[in-house]
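Residue-level structural notes
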Amino acid sequence: MHADFPLPDVQWEPTRQFWAAAARGTLMIPRCDACGRYVWYPETPCRHCGAERLTWTEVSGRGRLFSWSVVRHAWIPQFADRLPLVTGLVALEEEPAVRLVTYIVDCPLDRLRCDMPVRAVFRPLRYTGVAGEVVAPLFAPAEG
Ligand SMILES: [Zn+2]
């Protein structure tokens, strides 16, 4: 565990480009050069066809809420002033088999629904007592 936990380690090679893209306000997911499917978690070989080359590719940021959990208990002190928070799994529009672990924001708890349309918003993650911040793709209800 690194010193600035729970901030993500943006230098860790398998996800370095994911965080670099988020800092630019874009959502990027690796896509297999051979079969064209998106692959998440970002590791080779491609889980669909076994090919070895993936290319980081921009996606729309649109998706649907697959599942979520409302966190009301601070299991580490850094979360105490963020409660309640909603962790979610978001299935991407381009490839619903790709489900990102994220926070759901800007959504009253009683509006959370399975399959609700969501869109990526890019916000800095900050935690009390932790230096620095990391811009992350979080998901909010999509308009319309
Ligand atoms: Zn493939």
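The following refers to the structure shown. (Residues numbered from 1 in each chain as written. Predicted model: local features only at pLDDT ≥ 70, side-chain atom pairs only at ≥ 80, totals over all residues. Heavy atoms only, no water.)

**Looking at the overall build of the protein**
For the protein, the helix and strand inventory stands at 1 helix and 7 strands. Scanning the protein from its N terminus toward the C terminus, one meets helices and strands in the order α-β-β-β-β-β-β-β. The C-alpha radius of gyration computed for the protein amounts to 16 Å, which stays within 12% of the reference 15 Å derived for 144 residues, consistent with globular compactness. Taking the principal axes of its C-alpha atoms as reference, the protein extends roughly 45 × 40 × 25 Å. Considering the protein as a whole, with its 144 residues, one finds that 42% of them fall into the buried category. The long-range fraction of contacts in the protein, counting pairs at least 24 apart against all pairs at least 6 apart in sequence, stands at 52%. A total of about 8200 Å² of accessible surface is found on the protein, and carbon and sulfur atoms cover 52% of it. The distance from the centre of the 16 positive side-chain charges to the centre of the 16 negative ones in the protein is 4 Å. (Helix = DSSP H or I, 4+ residues; strand = E, 2+ residues; numbered from the N terminus. Rg over C-alpha atoms; globule rule 2.2 N^0.38 Å. Buried < 20%, exposed > 50% of the residue type's maximum accessible area, 1.4 Å probe, protein only. Contact = heavy atoms within 4.5 Å. Areas by Shrake-Rupley, 256 points an atom, 1.4 Å probe, with all protein chains shown as cover. Lys, Arg positive; Asp, Glu negative; His and termini not counted. Charge placed at Lys NZ, Arg CZ, Asp CG, Glu CD.)

**A short note on the pattern of salt bridges**
Counting across every chain of the model gives 6 salt bridges. For the salt bridge of Glu-13 with Arg-16, the shortest nitrogen-to-oxygen distance reads 3.0 Å. Salt-bridge contacts for Arg-53 lead to Asp-33; the nearest nitrogen and oxygen are separated by 3.2 Å. Here Asp-33 lies in the loop between strand S1 (27-32) and strand S2 (54-59) and Arg-53 lies in the loop between S1 and S2, a separation of 20 residues in the sequence. Relative accessible area serves as the criterion here: at 57%, Arg-53 is assigned to the exposed category. (Salt bridge = Lys/Arg side-chain N within 4 Å of Asp/Glu carboxyl O.)

**Structural notes on the coordination of the zinc ion**
Note on the zinc ion: its protein donors are Cys-32 (SG), Cys-35 (SG), Cys-46 (SG) and Cys-49 (SG). The metal-donor distances range over 2.3 to 2.4 Å. Coordination at the zinc ion comes from 4 donor atoms whose angles at the metal span 103 to 114°, giving a geometry best classed as tetrahedral. (Donors = N, O, S within 2.8 Å, 3.2 Å for Na, K, Ca; no water. Tetrahedral: all angles 85-135°; square planar, octahedral: opposite > 155°, others 65-115°.)

**Concerning the nonpolar core**
Within the largest apolar cluster, 38 residues are counted, with the highest numbers of intra-cluster contacts made by Phe-18, Ile-29, Leu-92, Leu-100, Tyr-103, Ile-104 and Phe-139. Going through the elements one at a time, helix H1 (16-23), S1, S2, strand S3 (62-71), strand S4 (85-92), strand S5 (99-104), strand S6 (117-125) and strand S7 (134-141) are the ones with two or more residues in this core. Per-element accounting of this core gives the leading share, 5 residues, to S7. Apart from residues no more than four positions distant in its own chain, Leu-92 is found in contact with Leu-27, Ile-29, Val-59, Arg-62, Gly-63, Val-98, Leu-100 and Phe-139. By size, the runner-up hydrophobic cluster in this structure holds 5 residues, among which are Val-39, Cys-46, Ala-51 and Leu-54. (Core = buried A, V, L, I, M, F, W, Y, C linked by side-chain atoms within 4.5 Å.)

**Observations regarding the side chain of Glu-95**
Mapped onto the fold, Glu-95 is located in the loop between S4 and S5. Sequence-distant contacts of Glu-95, defined by excluding residues within four places in its chain, comprise Arg-37 and Tyr-38.

**Examining the pairing of S6**
The pairing of S3 with S6 spans 3 bridges and is classified as antiparallel. Bridged to Arg-64 within S6 is Pro-117. Pairing of S6 with S7 involves 8 bridges; the strand directions are antiparallel. When the sheet's bridge partners are listed, Phe-122 is paired in S7 with Pro-137. (Pairing = 2+ DSSP bridges.)

**Let's talk about the environment of Gly-36**
Examined against the element boundaries, Gly-36 turns out to sit in the loop between S1 and S2. On the basis of relative accessible area, Gly-36 is assigned to the partly exposed category, the value being 26%. When the C-alpha positions of Gly-36 and Leu-100 are compared, they lie 19 Å apart, and in sequence the two are 64 residues distant.

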